[in-house]
Amino acid sequence: MPFPVLIVIDVQKDFFLVGASRVGSYEKAFCIPGIQKLLAHARGQGWKIVHVVTEHDGPETLPRFLRKKGTELYCHRGSDGARLLDGVYVHGERVVRKQHFSGYRDTDLAAEVAGHDSVVVAGVSADCCVTLTAFEASVDADVFIPFQAVSASTRQLYEASLVNLGKSAGKIVDLNEDRKSVV
């Protein structure tokens, strides 16, 4: 396929707004302008866009470690917190729902990217879901991670995640300079 697939992960209200779920933080919001820029480019180029979203049916569907830690339910299916941020999704784009950290585990994401030689991964959080999804994608495709379009809970986790991603999963790219190297 001539164009990459853009995978946008967990750009949902509960991951950006501080509230009862305790998984959100305003610090993660610095990736939103980069994601918007990337989405505009991808749409203009006719790329396939897949939004990977977390949706839990109840506390029992949280990952085991989070349940044991007592993490409160977040991204509850049908709740406002599970909704994508305004302006992220455009009608007709694909949506893959997950309950685990990787966008590939127990989902049809692999089928969505099958046949594409390159994948661009953006979203939240570079130190968790973005990393696990990018590593899985790298098995079958070239992976590109625009550093302006991912975030993490802290600057240290953001920087460490980008180093790890660039070392083993894919190429860290600058949206202002490397856009043509992705296609």
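This one's a predicted model, so the numbers in the text were calculated from it and none came from an experiment. (Residues numbered from 1 in each chain as written. Predicted model: local features only at pLDDT ≥ 70, side-chain atom pairs only at ≥ 80, totals over all residues. Heavy atoms only, no water.)

## Thoughts on the overall build of the chain
Here comes step 1: When helices and strands are tallied, the chain shows seven helices and seven strands.
Here comes step 2: Helices and strands in the chain line up, N terminus first, as β-α-α-β-α-β-α-β-α-β-β-α-β-α.
Here comes step 3: For 183 residues, the compact-globule estimate of 2.2 N^0.38 gives 16 Å, and the chain sits close to it at 15 Å.
Here comes step 4: Over its C-alpha atoms, taken along the principal directions, the chain stretches across nearly 45 × 35 × 30 Å.
Here comes step 5: In the chain, buried positions account for 50% of the 183 residues.
Here comes step 6: Summed over all atoms, the accessible surface of the chain reaches about 9,000 Å², with 53% contributed by carbon and sulfur.
Here comes step 7: Both charge centroids of the chain, one from 21 positive and one from 22 negative side chains, sit 2 Å from each other. (Helix = DSSP H or I, 4+ residues; strand = E, 2+ residues; numbered from the N terminus. Rg over C-alpha atoms; globule rule 2.2 N^0.38 Å. Buried < 20%, exposed > 50% of the residue type's maximum accessible area, 1.4 Å probe, protein only. Areas by Shrake-Rupley, 256 points an atom, 1.4 Å probe, with all protein chains shown as cover. Lys, Arg positive; Asp, Glu negative; His and termini not counted. Charge placed at Lys NZ, Arg CZ, Asp CG, Glu CD.)

## Remarks on the nonpolar core
Here comes step 1: Grouped together as the largest cluster of nonpolar side chains are 26 residues, with contacts concentrated most on Leu6, Val11, Phe16, Ile35, Leu38 and Leu39.
Here comes step 2: Mapped by element, the contributors of at least two residues to this core are strand 1 (5-9), helix 1 (13-16), helix 2 (32-45) and strand 4 (118-124).
Here comes step 3: Per-element accounting of this core gives the leading share, four residues, to helix 2.
Here comes step 4: Counting residues in hydrophobic clusters, the runner-up holds 25 residues, among them Val52, Val96, Cys129 and Ala134. (Core = buried A, V, L, I, M, F, W, Y, C linked by side-chain atoms within 4.5 Å.)

## A short note on the packing of aromatic side chains
Geometrically, a pair of aromatic rings is defined through the distance of the ring centres and the angle of the planes.
Here comes step 1: What the rule picks out here adds up to two aromatic pairs.
Here comes step 2: Between Phe15 and Tyr74, the ring centres sit 5.7 Å apart and the planes meet at 70°, which makes this aromatic pair edge-to-face. Taken together, the residues Phe15 in helix 1 and Tyr74 in the loop between helix 3 (64-69) and strand 3 (94-98) connect sequence positions 59 residues apart.
Here comes step 3: Taking 5.1 Å as the distance between ring centres and 90° as the angle between the ring planes, the aromatic pair formed by Phe30 and Tyr158 counts as edge-to-face. Here the residue Phe30 occupies a position in the loop between helix 1 and helix 2, and Tyr158 occupies one in helix 6 (residues 155-168), the gap between them amounting to 128 residues. (Phe/Tyr/Trp six-rings, centres within 6.5 Å; stacked < 30°, edge-to-face > 60°.)

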